[in-house]
Amino acid sequence: MGDCCESSAGCFGPQKNTYVRISLPAVCFVWQIAMVILFGVFIRYDEESAARWVITRRERNLTDLENEFYFRYPSFQDVHVMIFVGFGFLMTFLKRYSFGGVGFNFLIASFGLQWALVMQGWFHALNPENGKITIGIESLINADFCCAGSLIAMGALLGKVSPVQLMVVTLFGVTLFAVEEYIILDLLHCRDAGGSMVIHCFGGYYGLAISWVLYRPNLHLSKRLHGSIYHSDLFAMIGALFLWMFWPSFNSAITDHGDGQHRAAINTYLALASCVLTTVAISSVSQKRGKLDMVHIQNATLAGGVAMGTAAEFEITPYGALIVGFLSGIISTLGYLYVSPFLEKYLKLQDTCGIHNLHALPGLLGGFTGAIVAAAASEAVYTREGLVNVFDLEGRFANRTQGTQGGFQAAGTCVSLGFGLVGGAIVGFILRFPIWGDPADDNCFDDEAYWELPEEEETIPPVLEYHNHMLHKHQDISETNFSIDQ
């Protein structure tokens, strides 16, 4: 498959000019003006955030404390931190691309959440009578979720594309996300509180498909920068810890108040804890001296939260949550050890952050785990009222059996996979045109292409550099003549 992408490279010409002084400001200004116009035409406050709330509250005999804001804002705050701090700092592991990791994450998330409010609003909150979209605190959470898919895709492309290309990835990523989310959650009526299917599976394979189409046969010319140093891995670990701590909020943020939200937080909490131990075990046993690889600790320890996303609000039982975390830690760590090198060598798939192991595979595991748990749900465990509440079996879905629900859950996972692969391939071919200012093969993973760097950046002693165990992060030891003794 990689030969297909190599042969098409000549059709699109060289991609060596990183000059974005016109294209980047133009995209930012024009698209932001477009957002202002779209918001002016369509977006309005919902009844709980509008000034009319004082009347609505009195008519419904409510208090201010029953406003949705007070139920959802703590979860929104946690999710927001994950999007901007967690994802951002997790991508600072490259020795010379920390500005790009956290800075471009900031840029595309800020654009993506605005576009997500419009796209998701058209599908879920458009009033047919007046043509307006109403937004509230839950809309902001869903917009952050929508952005997460594009941020995941960015992980596969990190250091190899321009900020303009990332904006294009986000424009199409949010659009595709809104469509597949509508198909999976509304038409198929799947349950996916933490987004194993609609966020992680889609975002993972969306980014991988783009990266496959944008294959760089001479990426080894940037090998000297394709790795980490001590302090860059430490910054990335900060991002990982923020994600790990707040993942229970991520998976429970939009579940039903009460038992559903409570159960989702517990299940995610347990899966994450279990995942850490198996990640450490596999990372240690894979090395002759039993040493740990920071790549595994930064990433694979989060796979339990990804895999628990779909089944988080189901009664999977506490020990079931531990099993999901146990398996996801093993699968993710083995992915970094063996699958990533295999994909790069034989399928020409260059995955900078290893999103296949952290998001794509655990997302598939989570989707199919949710299908099994949904199919096995019974009135003896949930009660009839509990089944109706958890799976929203009302209206035209009132007569759906649990076996049928499980089948639709599995179908939803396949839909997210298809949207990611096909959509990513199309966007990848769009990004191959030599108009986006992407770096040459020998200038990847370097902040200097798009950022003004402080002088101190040039004085990092080579003695601080170390070699990563991942095949695609190795660097030649011959790059420096310094030794520890010196």
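Note that the structure is a prediction, hence the values are computed from the model and not measured.

Draft legend 1. Main features of the overall build of the chain. Summing up its helical and strand segments, the chain has 17 helices and two strands in all. The C-alpha atoms of the chain give 23 Å as radius of gyration, which agrees with the globular expectation for 486 residues (23 Å, within 12%). The principal-axis extent of the C-alpha atoms belonging to the chain is close to 75 × 50 × 40 Å. Relative to its full complement of 486 residues, the chain shows a buried share of 54%. Nonlocal contacts in the chain, meaning residues at least 24 apart in sequence, comprise 82% of its contacts between residues at least 6 apart. Element-wise, carbon and sulfur atoms account for 65% of the exposed surface of the chain, whose accessible area totals about 21,100 Å². Mean positive and mean negative side-chain charge positions of the chain (27 and 44 charges, respectively) differ by 4 Å.

Draft legend 2. Local environment of the packing of aromatic side chains. Tallied over the full model, the rule gives 21 aromatic pairs. Where Tyr382 meets Phe391, the ring centres are 5.9 Å apart and the plane angle is 50 degrees; that geometry is what we call tilted. Residue Tyr382 shares its accessibility class with Phe391, and that shared class is buried. The rings of Tyr97, Phe99, Phe104, Tyr450 and Trp451 are connected pair by pair, giving a single aromatic cluster. Its guanidinium or amino end placed over the ring of Phe408, Arg400 lies 4.0 Å from that ring's centre, counting from NZ or CZ.

Draft legend 3. View of helix H13 (residues 318–346). Its 29 residues give H13 an end-to-end C-alpha distance of 40 Å, which sits within 8% of 42 Å, the value for a rise of 1.5 Å per residue. In the structure, H13 departs most strongly from a straight axis at Gly335, where the bend amounts to approximately 50 degrees. Within two residues after H13, Lys348 carries a phi angle of roughly 55 degrees, on the positive side.

Draft legend 4. Region of interest: the packing of helix H10 (residues 259–285) against H13. Put simply, H10 and H13 touch, their axes get as near as 7 Å, and they point 40 degrees apart. Accordingly, the angle class assigned to the pair H10 and H13 is oblique. Every pair of crossing elements has a handedness; the one defined by H10 and H13 is right-handed. Taking contact as the criterion, the partners of Asn267, Leu270, Ala271, Ser274, Cys275, Thr278, Thr279, Ile282 and Ser283 in H10 are, on H13, Pro318, Ala321, Leu322, Gly325, Phe326, Ser328, Gly329, Ile330, Thr333, Leu334 and Leu337. A class-by-class count of the residues in the contact of H10 with H13 yields 11 nonpolar, nine polar and no charged.

Draft legend 5. Spatial organisation of the layout of surface pockets. The volume enclosed by the largest pocket comes to roughly 810 Å³. His124, Glu138, Asn142, Leu185 and Ile254 are the residues nearest the centre of the largest pocket, which is lined by 33 residues in total. Tallying contributions element by element places helix H5 (residues 98–124) first for the lining of the largest pocket, with five residues. Here the lining of the largest pocket is composed, by residue class, of 12 nonpolar, 11 polar and 10 charged.

Criteria and thresholds
- Position labels on residues start from 1 in each chain and follow its written sequence.
- Reporting of local features is limited, given that this is a predicted model, to residues whose pLDDT is at least 70; pairs of side-chain atoms are given and counted only at 80 or more, and all residues count toward the totals for whole chains, interfaces and linings.
- Heavy atoms from the whole structure form the basis of all side-chain values; hydrogens and water molecules are not counted.
- Elements are defined by DSSP. Helices are runs of H or I of four residues or more, strands are runs of E of two residues or more, and each kind is numbered from the N terminus.
- Here the radius of gyration uses the C-alpha set of atoms, whereas the globule reference equals 2.2 Å times the residue count to the power 0.38.
- Throughout, exposure labels follow a simple rule: accessible area from a 1.4 Å probe, protein chains only, divided by the maximum for the residue type, with under 20% read as buried, over 50% as exposed, and the rest as partly exposed.
- Only heavy atoms enter the contact rule, under which two residues are in contact if any of them lie within 4.5 Å.
- Each accessible area is a Shrake-Rupley result for a 1.4 Å probe, and residues are judged covered by the shown protein chains and nothing else.
- The charge count treats Lys and Arg as positive and Asp and Glu as negative. His and the chain ends do not count.
- By convention, the charge on Lys lies at NZ, on Arg at CZ, on Asp at CG and on Glu at CD.
- Pairing of aromatic rings covers Phe, Tyr and Trp, the last counted by its six-membered ring, and requires centre-to-centre distances within 6.5 Å; plane angles under 30 degrees mean stacked, over 60 mean edge-to-face, and any other angle means tilted.
- Here, a charge over a ring means that NZ of Lys or CZ of Arg falls within 6 Å of the ring centre while also lying within 35 degrees of the ring normal.
- Helix span is expected to be 1.5 Å times the residue number reduced by one.
- The quantity called bend is, for any residue, the angle between two axes fitted respectively to the seven residues ending at it and the seven beginning at it.
- Angles run from 0 to 180 degrees between N-to-C directions of axes, and those axes are lines fitted to C-alpha atoms, restricted for helices to the stretch in contact.
- For classification purposes, angles smaller than 35 degrees are called roughly parallel, those larger than 145 roughly antiparallel, those between 65 and 115 roughly perpendicular, and all remaining angles oblique.
- Each helix crossing is assigned a hand: it is left-handed if the near helix lies turned anticlockwise from the far helix by less than a right angle, otherwise right-handed if that turn is clockwise.
- Residues are grouped as follows: Ala, Val, Leu, Ile, Met, Phe, Trp, Tyr, Cys and Pro are nonpolar; Asp, Glu, Lys and Arg are charged; all remaining types, including Gly, are polar.
- The pocket and cavity definitions rest on a 1 Å grid over protein atoms only: a 1.4 Å probe that fits but cannot leave marks a cavity, an open set with protein on both sides within 12 Å along at least five of seven lines marks a pocket, and residues lining either have an atom within 4 Å of a point.
- Grid points are joined across faces, edges and corners, and a volume is the space filled by probe spheres set on the points.

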